[in-house]
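# Remarks on the overall topology
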2 protein chains.
Amino acid sequence: MNGYSIPKATLGRLPQYLEYLRNLSESHRTISATAIAKGLSLGDVQVRKDLAAVSGAGKPKVGYERDKLIGDLERHLGYERLTNAVLVGAGKLGRALLDYDGFEDFGVKIVAGFDCNEQVVQMGNPSKSILPIKNLKAYCEENDVKLGIITVGQGSAQDVCDKLVESGIEAIWNFAPCTLKVPLGVLLKQENLALSLAYLNNQLCK
Amino acid sequence: MNGYSIPKATLGRLPQYLEYLRNLSESHRTISATAIAKGLSLGDVQVRKDLAAVSGAGKPKVGYERDKLIGDLERHLGYERLTNAVLVGAGKLGRALLDYDGFEDFGVKIVAGFDCNEQVVQMGNPSKSILPIKNLKAYCEENDVKLGIITVGQGSAQDVCDKLVESGIEAIWNFAPCTLKVPLGVLLKQENLALSLAYLNNQLCK
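Since the model is a prediction, treat every value here as computed from it, not as a measurement. (Residues numbered from 1 in each chain as written. Chains lettered and ligands numbered in written order. Predicted model: local features only at pLDDT ≥ 70, side-chain atom pairs only at ≥ 80, totals over all residues. Heavy atoms only, no water.)

## A short note on the relation of the copies chain A and chain B
Rotating chain A by 180 degrees about the axis while translating it 0.0 Å along that axis superimposes it on chain B, leaving an RMSD of 0.1 Å. Between the two chains, the operation in question is that of a two-fold axis. Measuring from the rotation axis to each C-alpha of chain A, the shortest distance belongs to leucine 93 of chain A, at 3.2 Å. Comparing interface residues between copies, 100% of those in chain A also lie at the interface in chain B; the contact surface is shared. (Least-squares fit on C-alpha atoms with pLDDT ≥ 70 in both. Contact = heavy atoms within 4.5 Å.)

Here's what the structure looks like:
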């Protein structure tokens with residue numbers, strides 16, 4: 001689609017720039033790369049290079065027009081159409097993610113949750129449907145779902161992962177604390193919250 | 001304390017090795033760096049170097065004794081005593097984190113949650129106390145709390161952050177989607193779940 005020529009590390013920072021620009025007060029019609037770098041505590045040279053890759057050079061002494069820069073960032077991040085996602089495992093974390101609507105600002109819409117526990121399914125969720133896992137494949141096919149989020153426990157994560165792959169899912173975001181195997185061509189992002197905390201704790205203990 | 005001589009990037013991978021070794025079946029009394037590298041889809045050379053930094057070289061043709069390697073990893077990660085943490089903002093995500101007991105395996109114990117909403121405080125949580133925010137400072141001082149987790153919204157995150165710093169907190173794990181300012185010497189780890197998802201989505205859209 002787009003973004004081909006942008007290095008992976010740059011791409012990883014684009015949502016951060018986008019979020020920063022969106023949160024700026026409306027009075028900022030233009031902003032310099034230096035100001036953005038300062039606001040985000042990033043290096044000046046890095047920000048300058050990143051923004052040049054998506055929006056060309058800023059105007060001397062003026063910088064970037066905020067709205068145009070937001071548009072360029074959105075385009076490069078493929079935010080022009082929402083990607084439909086499903087979540088499997090409607091426990092506490094799963095339900096918290098189902099309720100979080102901030103993902104839509106980042107191009108992803110969680111359209112439904114799935115769970116194998118009939119009670120959880122019946123309990124439902126105020127903001128999103130929770131459906132029985134047996135409906136997963138049909139649902140994903142009907143709703144052109146390309147992204148799956150796994151919030152089940154470690155014991156059933158690989159099984160859920162396989163079901164998602166069978167349902168045509170092309171990218172998986174896994175919160176279960178285990179390494180999943182996916183076929184070539186399926187993207188996998190491992191999220192390990194405990195690991196993030198462990199790392200912070202380690203820096204603290206030094 | 002320890003871990004001084006280990007590069008930051010290595011340190012970041014140690015919890016992953018630890019988790020992998022803990023999850024191995026008991027029948028694996030020894031394991032080679034190559035097998036660990038394969039299991040985690042990491043480079044052989046990298047794993048070999050990382051493990052050498054914490055536990056010396058493995059025995060030729062045998063590798064490492066699993067239990068000793070686990071012990072060495074735990075020691076280097078400072079897991080010998082639990083760090084007490086508090087969480088502020090007992091919404092859905094906050095409550096999910098309060099209930100998650102996996103953090104203790106990684107050296108951190110969330111001892112209490114805090115919220116400014118009196119109703120949330122009264123509702124409580126099955127696994128952990130939820131206390132009014134006005135008690136934060138006294139609680140942190142009494143319980144030697146060094147780590148604070150922020151799961152409030154963007155609007156009150158800086159205020160909560162300042163309160164944590166005043167309460168003697170030395171490391172902050174922030175889930176609010178905004179850049180916080182902390183005094184020099186206070187560690188800050190920004191967790192942006194939407195950003196992780198955005199990045200996965202972008203790879204998918206290419």
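## Structural notes on the sheet that holds strand β3 (residues 83-88) of chain A
All names here are of chain A. Taking strand neighbours across the sheet as the criterion, the 6 strands line up as β5-β4-β3-β6-β7-β8 in an open arrangement whose pairing is parallel. Either end of the sheet is taken by a strand with one partner, and the two such strands are β5 (130-132) and β8 (187-190). Geometrically, the sheet is characterised by an average inter-axis angle of 25 degrees between neighbouring strands, direction not taken into account. Across 6 bridges, β3 lies against strand β4 (residues 108-115) in parallel orientation. (Pairing = 2+ DSSP bridges. Helix = DSSP H or I, 4+ residues; strand = E, 2+ residues; numbered from the N terminus. Axes fitted to C-alpha atoms, helices over the stretch in contact; angles between N-to-C directions.)

## Comments concerning the interface of chain A and chain B
Between chain A and chain B, the residue contacts involve 58 residues of the former and 58 residues of the latter. Taken together, the two surfaces of chain A and chain B that pack against each other cover about 5,200 Å², and 67% of this comes from carbon and sulfur. Taken as a group, Leu197, Leu200 and Leu204 of chain A account for 13% of the area that chain A buries against chain B, more than any other trio of residues on that side. Across the contact surface, chain A and chain B share 2 salt bridges. Residues aspartate 99 of chain A and lysine 92 of chain B are paired through a salt bridge, measuring 2.2 Å at the closest nitrogen-oxygen approach. (Buried area = accessible area lost by both parts, 1.4 Å probe. Salt bridge = Lys/Arg side-chain N within 4 Å of Asp/Glu carboxyl O.)

## Concerning the packing of helix α3 (residues 44-55) of chain B against helix α4 (residues 66-76) of chain B
Residue and element names in this part refer to chain B. Contact pair α3 / α4: the axes reach a minimum separation of 9 Å and the direction vectors enclose 80 degrees. Classified by the angle between their axes, α3 and α4 sit roughly perpendicular to one another. Contact residues: α3 offers Leu51, Ala53, Val54 and Ser55, while α4 offers Lys68, Leu69, Asp72, Leu73 and His76. Here the residues of the contact of α3 with α4 are counted per class, giving 5 nonpolar, 2 polar and 2 charged. (Parallel < 35°, antiparallel > 145°, perpendicular 65-115°, else oblique. Nonpolar A, V, L, I, M, F, W, Y, C, P; charged D, E, K, R; others polar.)

## Quick look at the sheet that holds strand β4 (residues 108-115) of chain B
Strand pairing in a sheet relies on backbone hydrogen bonds. The paired strands run either parallel or antiparallel. Spatial ordering of the open sheet is given by β5-β4-β3-β6-β7-β8 (chain B), a layout of 6 strands whose pairing is parallel. On the outer flanks of this sheet lie β5 (130-132) and β8 (187-190) of chain B, each paired with one strand and no other. Going across the sheet, the axis of each strand differs from the next one's by a mean of 25 degrees, ignoring polarity. Helix α9 (residues 193-205) of chain A contacts β3 (83-88), β4, β6 (147-150), β7 (171-174) and β8 of chain B of the sheet and is inclined by roughly 160 degrees relative to β7 of chain B.

## Topic: the domain arrangement of chain A
According to the domain assignment, chain A contains domain 1 (3-76) and domain 2 (83-196). Once you take the C-alpha centre of each, domain 1 of chain A and domain 2 of chain A turn out to be 31 Å apart. (Domains from an automatic or database assignment.)

## Quick look at α3 of chain B
Residues and elements named next belong to chain B. With 12 residues, α3 ought to run about 16 Å at 1.5 Å a step, and its terminal C-alpha atoms sit 16 Å apart, in line with that. Those residues of α3 not exposed but buried are Val47, Asp50, Leu51, Val54 and Ser55. End-on view of α3: buried residues confined to an arc of 100 degrees, all on one side of the axis. Of the residues in α3, the exposed ones pointing more than 90 degrees away from the buried face are Val45 and Lys49. (Expected span 1.5 Å × (residues − 1). Buried < 20%, exposed > 50% of the residue type's maximum accessible area, 1.4 Å probe, protein only. Arc of directions from axis to C-beta.)

## Concerning unusual backbone geometry
Residue and element names in this part refer to chain B. Even without being a glycine, serine 41 presents a positive backbone phi close to 55 degrees. Position of serine 41 among the secondary structure elements: in the loop between α2 (33-40) and α3. Note on serine 41: relative accessible area 64%, which makes it exposed. Phi angles above zero are rare outside glycine, and aspartate 144 is one such case at about 50 degrees. One can find aspartate 144 in the loop between α7 (136-142) and β6.

## Here we look at the packing of helix α2 (residues 33-40) of chain A against helix α3 (residues 44-55) of chain A
All names here are of chain A. Where α2 meets α3, the axes come as close as 9 Å, and the angle between the chain directions of the two elements is 120 degrees. Considered as vectors, α2 and α3 are oriented oblique to each other. Handedness of the α2/α3 crossing: right-handed. Contacts between α2 and α3 involve Ala33, Thr34, Ile36 and Ala37 from the former and Asp44, Val47, Arg48 and Leu51 from the latter. Tallied by class, the residues present in the contact of α2 with α3 amount to 5 nonpolar, 1 polar and 2 charged. (Left-handed = near helix turned anticlockwise from the far one by under 90°.)

## Section: α2 of chain B
Residue and element names in this part refer to chain B. Along α2, the residues that are buried comprise Ala33, Ile36, Ala37, Gly39 and Leu40. For α2, the arc enclosing every buried residue in end-on projection is 165 degrees, short of the 170-degree limit, so these residues lie on one face. With its phi angle positive at about 55 degrees, serine 41 sits one or two positions after the end of α2.

## Description of the nonpolar core
Membership of the largest hydrophobic core comes to 91 residues, with the highest contact counts inside it found for Ile36 and Leu147 of chain A together with Ile36 and Leu147 of chain B. Among residues more than four places away in sequence, those in contact with leucine 147 of chain A are Thr83, Asn84, Ala85, Val86, Val108, Ile169 and Ala171 of chain A together with Leu197, Leu200, Asn201 and Leu204 of chain B. Ranked by size, the runner-up nonpolar core spans 22 residues in total, among them Val111, Leu136, Cys140 and Ile150 of chain A. (Core = buried A, V, L, I, M, F, W, Y, C linked by side-chain atoms within 4.5 Å.)

## Quick look at the packing of aromatic side chains
Residue and element names in this part refer to chain A. Here the structure, examined in full by the defined rule, presents 8 aromatic pairs over all chains. Centre to centre, the rings of tyrosine 100 and phenylalanine 103 are 4.8 Å apart; their planes meet at 75 degrees, and the pair counts as edge-to-face. Of the aromatic side chains, those joined through ring pairs into one cluster are Tyr100, Phe103, Trp173 and Phe175. (Phe/Tyr/Trp six-rings, centres within 6.5 Å; stacked < 30°, edge-to-face > 60°.)

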